[in-house]
Each structure stands twice: as structure tokens, then as C-alpha cells.
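Residue-level structure breakdown
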Amino acid sequence: MSRSMEAMELEMNTVLPADPARDDVLAACPTLWLNPLYRRGASESSDLPISPPDVEDARKNWKRLAPLLAACFAELESTNGEIRSELVELKDLREALRYSAREFGNVFIKADSHLPVAGSIKARGGVYEVFLFAEGLAHENSLLADGDDIRKLATDEARAFFSKYTVAVGSTGNLGLSVGIAARALGFKATVHMSSDAKAWKVERLRKLGVEVIQHEADYTTAVENARDIADADPTIYFVDDEQS
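What counts and how
- All chains use their own residue numbering, which begins from 1 and follows the written sequence.
- With pLDDT at 70 or above as the cut-off, local features in this predicted model cover only qualifying residues; side-chain atom pairs require 80 or more to be listed or tallied, and sums for whole chains, interfaces and linings still use all residues.
- Just so you know, side-chain values use all the structure's heavy atoms and leave hydrogens and water out.
- Segments assigned H or I by DSSP are reported as helices when at least four residues long, segments assigned E as strands when at least two residues long, and all are numbered from the N terminus.
- Pairs of residues are marked as contacts when any of their non-hydrogen atoms sit within 4.5 Å.
- We define a salt bridge as a side-chain nitrogen of Lys or Arg found within 4 Å of a carboxyl oxygen belonging to Asp or Glu.
- The span expected for a helix works out to 1.5 Å for each residue beyond the first.
- Three labels apply to residues, based on accessible area from a 1.4 Å probe with only protein chains included: buried if under 20% of the type maximum, exposed if over 50%, partly exposed otherwise in between.
- Throughout, the arc means that of the directions going from the helix axis to the C-beta atoms.

Here we come to the environment of Val127. Examined against the element boundaries, Val127 turns out to sit in helix H6 (residues 122-140). Through-space distance from the C-alpha of Val127 to that of Val179 is 5.9 Å; in sequence the pair is 52 residues apart. Non-local contacts of Val127, meaning those with residues more than four positions away in its chain, are made with Leu69, Ile83, Val117, Lys122, Ser178 and Ala182.

Moving on, we get to the pattern of salt bridges. In the structure shown here, the tally under the stated rule is 9 salt bridges. The residue Arg59 makes a salt bridge to Glu56 at a minimum N-O spacing of 2.6 Å. With Arg59 and Glu56 both in helix H3 (residues 52-72) and 3 residues apart, the pair spans about one turn of that helix. For Asp112, the salt bridge identified is with Arg124, shortest N-O distance 3.5 Å. Here Asp112, found in the loop between strand S2 (108-110) and H6, pairs with Arg124, found in helix H6; they are 12 residues apart in sequence, far enough to count as distant.

The next point concerns helix H10 (residues 220-232). With 13 residues, H10 should reach 18 Å at 1.5 Å per residue; the first-to-last C-alpha distance of 18 Å fits that figure. Of all the residues in H10, the buried ones are Ala223, Val224, Ala227, Arg228 and Ala231. What you see down the axis of H10 is that its buried residues fit within an arc of 130 degrees, all on one side. With respect to the buried face of H10, the exposed residues turned more than 90 degrees away are Asp229 and Asp232. Lining the buried residues of H10 we find strand S3 (166-170), strand S4 (189-195), strand S5 (212-216) and strand S6 (237-240).

Here it is as C-alpha cells:
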């Protein structure tokens, strides 16, 4: 059952401390939010969780995984395995806001809502982690050697090996969708723990792929905790942790 915007706003204001930028967003006011952790030189310090070398490592990983992604997902063949979204020009929005292209330039939106594979920005994080896990697991078990074609992980032999393992995640929807799709594409068993209010179409899509969907009557936090406990007790289960991965 959908909740009203008033109820959602009340919940957010109850749980979260006052935040002028958030309040402006909820009131549909033009908003500028500046990261309070940002300062000159911050990216080179150890204060931030992500550093430039981390970004460069991710870029290299994506490039290495690209042929495997293209082999697993037909919609990525045209981009050579890149999961990318388009910049869409919003002419109507610019006109509605009375922006002059000459004064302000054109207005675009990065359409991450239409990313291939899983249809949300979570496709990047969920697919990335599952495919890196598969690569590491294959190396550990001599299924893949340095210099081998990464597409070897899309073969029947690799899928049979991966089927001995389960990839699990606790999610309200988008992360679970991406993890389930990625895991099944490689042959893993997959379990997605969701709260009972998860979108029905997401549950149905996952189950059609052969993903086990467990819906918990409790809230999202409890669903994640239960999923984590189950994975900790079984070495054949890899848990994609949205809070700690």
C-alpha cells in the first residue's frame, strides 16, 4: 500500500535531524547541497572513504570485466560491455524554467533510471561486486589463470562451478534486482531478502530468473540483519552488504 508524501515526510523528519537542504528538496524548492566533508586536498587525504586510486582501480576492473559483461548481457554488446546511460536534453524543462540557452547553456539529465541490465544506478554497484566476486572465486579455484580470456567465466563449465555457491543480499528492490540478475547470469544460486513492502514487479522478475526471494514482515534493517546472519553461518554464501561492501 503506497504512503502519502505527507506520511513519508513526517517519517523522515522524525528519524532524521533537521537539514535545510533536505527540507528544500521535500518542498520542491531549487536546492544546492554542498558536501560538508569537501575541502581542498580532501581527495588526497585519508579522511574520505574513496580516493583517486580507488576510482582508478574501479575503472581498470570495469575494463577487464567488459568482455564478460557483453557475453552475459545482449544489451551490452553495442557498448562493448559498458553499463552506461545517456545524457538526455530537457528542452521542455529549460523552457518551463525560462532558462536562456545563451545565458545558461542547455539542460540535461543523466538517465541512470534507464541503465541497461537492471534499470537503475544500482546496476553498477551490484553487478560490479558480483562479477568481481566471481572472478576472484575462479582464480582461487584454478578456473581462471592470469592472462586467460575473462569470457571463460561465461562457459558451461564455469556456470556449473558457480552453481555450488549462493550470492545473497538484503534489499528493498534495486540492489536486490541487480545482484540477482548478475548472479543468475553467471550461474550462481541467488537469494534476495526483501521487506514485505517491496515492489511486486521486482519480486516477480527475480523469481522468473530463478532467484529465491524471501520477504520479511519486519522492516528493511531487520531483513538485512537476517540475511547477513544466514550468510555468516554458511561458507558457500557470499553476502553483498549494502552497508559494508
